Amino acid sequence: VGHCHPDIVKAAHEQNQLLNTNSRYLHDNLVDYAERLSKTLPEKLCIFYFLNSGSEANDLALRLARQYTKHKDVIVLDHAYHGHLTSLIDISPYKFRNLEGQKEWVHVAPVPDTYRGLYREDHEDSVTAYADEVKNIIEHAYKRGRKIAAFFAESLPSVGGQIIPPAGYFQKVAEHVHKAGGVFIADEIQVGLGRVGKHFWAFQLQGEDFIPDIVTMGKPIGNGHPLACVATTKEIAEAFAATGVEYFNTFGGNPVSCAIGLAVLDVIEKEHLQAHATEVGNFLMKILKEQQIKHPIIGDVRGCGLFIGVDLIK
């Protein structure tokens, strides 16, 4: 919503003057914010955990998936980056390839990139071909006695090159993952909150029939203030609570953070920022495509809303 937005500064200042405390103390802002967020998501994603960063959110998502499925292994997309905690470096090929390498419980699927990837625009059915890669990984893992806890992916891979997965890919992947007893985690930390314009969350680009089991949020929801969230289903949350070890985060969801989160949602609505992302995104795409015609170095222009990639080639 923009650097130092006056509405955000005001909300933070006013709540700071009243009260900021750790989240063992109940406060209306937490419930109000959860309710507001829930209106932007499919109905079954109705349980919220608040945290301080996207990395914390993704780490919790991993814990939720493992507790619910009682499995350990994770499938990720190539070139992915999911955060700076040890658990997330382990599922980030972008990082682990330069560090300790791939753990035995991590499986890497090809990015569903129809421009540079394994299956391209000229392929008769790139959606099924990319989803079958995930299915094969599950089958090979199963033969080695390994079980899949989660397929973990950004709804639009960002570090991997601003990739727009073909519509229907997530549905097919979710089918294979659910069959294997795993869950689907959509990382919306960079791409959510209206950035793609036509939808509030990037996973919604795949179609109304696709709903992840867990959604993680970070970066923009606090407009630079440390605020993050994990949204999930009642079933997954109940399995997590059944351990008897409650989830506690000292400052996740504190009154000031939630006041800021609410103000961010207000600004998005009041200033029609979703429509703005669509409009500016379409304008950028148009002029970039005009450049593409003139310059052979521009191989591909792709994007949605204010999530745009320009692929430069030799």
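Below you will find a few notes about this structure. Quantities reported herein were computed from a predicted structural model and do not represent experimental measurements.

In terms of helices and strands, the chain carries 10 helices and 9 strands. A globule of 314 residues ought to have a C-alpha radius of gyration of about 20 Å, and the chain, at 20 Å, matches this closely. Taking the principal axes of its C-alpha atoms as reference, the chain extends roughly 60 × 55 × 40 Å. The buried share of the chain, taken over its 314 residues, is 51%. Expressed as a percentage of contacts within the chain between residues at least 6 apart in sequence, the contacts between residues at least 24 apart total 72%. About 15300 Å² of surface is accessible on the chain, with carbon and sulfur atoms providing 52% of the total. On the chain, the mean spot of the 31 positive side-chain charges and the mean spot of the 38 negative ones are 5 Å from each other.

On to a nonpolar patch on the surface, then. A cluster of nonpolar residues, Phe283, Leu284 and Leu306, forms a patch on the protein surface that exposes about 250 Å² of accessible area. Here Leu306 shows up in the loop between β8 (298-304) and β9 (307-312).

Looking now at the pattern of salt bridges. As a working rule, side chains carrying opposite charge can pair if their charged atoms are close by. For the structure on display, the rule yields 15 salt bridges. For the salt bridge of Lys270 with Asp7, the shortest nitrogen-to-oxygen distance reads 2.5 Å. With Lys270 in helix α9 (residues 255-270) and Asp7 in helix α1 (residues 6-18), this residue pair connects regions lying 263 residues apart in the sequence. Overall, Lys270 belongs to the exposed group, its relative accessible area being 55%.

For the rest of this paragraph, the subject is the packing of helix α3 (residues 54-69) against helix α8 (residues 234-241). At their nearest, the axes of α3 and α8 sit 8 Å apart, and the two run at 85 degrees to each other. As judged from the angle between their axes, α3 and α8 are roughly perpendicular. Contacts between α3 and α8 involve Leu60, Arg63, Leu64, Gln67 and Tyr68 from the former and Glu235, Ile236, Ala239 and Phe240 from the latter. For the contact of α3 with α8, the class distribution of residues is 6 nonpolar, 1 polar and 2 charged.

For Lys219, which is not a glycine, the phi torsion comes out positive at approximately 20 degrees. Mapped onto the elements of the fold, Lys219 is located in the loop between β6 (214-217) and β7 (228-232). Take Lys219: its relative accessible area is 53%, and that puts it in the exposed class. Phi at Asn223 is positive, roughly 50 degrees, even though this residue is not glycine. With respect to the helices, strands and loops of the structure, Asn223 is situated in the loop between β6 and β7. Looking at Asn223, the relative accessible area reads 24%, which means it is partly exposed.

Reading guide: rules and limits
Numbering of residues starts from 1 in every chain and runs along the sequence as written. Restriction of local features to residues with pLDDT of at least 70 applies here, the model being predicted, together with a cutoff of 80 or more for giving and counting side-chain atom pairs; totals for whole chains, interfaces and linings are based on all residues. Processing note: side-chain calculations cover all non-hydrogen atoms of the structure and skip hydrogens and water entirely. Secondary structure elements are taken from DSSP: a helix is a run of H or I of four residues or more, a strand is a run of E of two residues or more, and numbering for both begins at the N terminus. With C-alpha atoms as the basis for the radius of gyration, the globule rule is written as 2.2 Å multiplied by the number of residues raised to the power 0.38. For the exposure calls, accessible area comes from a 1.4 Å probe over protein chains only, and a residue counts as buried if that area is under 20% of its type's maximum, exposed if over 50%, partly exposed in between. Any pair of residues with heavy atoms lying within 4.5 Å of one another is described as a contacting pair. Methods summary: accessible areas were calculated by the Shrake-Rupley approach with a probe of 1.4 Å, and residue burial reflects only the protein chains presented. Charge assignment: positive for Lys and Arg, negative for Asp and Glu; neither His nor the chain ends contribute. Think of each charge as sitting on NZ of Lys, CZ of Arg, CG of Asp or CD of Glu. Patch membership requires more than 30% relative accessible area and the absence of a salt bridge. Residues of like charge join within 9 Å; the nonpolar side chains Val, Leu, Ile, Met, Phe, Trp and Tyr join within 5 Å. Should a side-chain nitrogen of Lys or Arg be within 4 Å of a carboxyl oxygen of Asp or Glu, the pair is scored as a salt bridge. Orientation is described by lines fitted to C-alpha atoms, with helices fitted over the stretch in contact, and by angles between N-to-C directions that extend from 0 to 180 degrees. Throughout this description, any angle smaller than 35 degrees is read as roughly parallel, any larger than 145 degrees as roughly antiparallel, any in the 65 to 115 degree range as roughly perpendicular, and the remainder as oblique. Think of it as three bins: nonpolar holds Ala, Val, Leu, Ile, Met, Phe, Trp, Tyr, Cys and Pro, charged holds Asp, Glu, Lys and Arg, and polar takes everything else, Gly as well.

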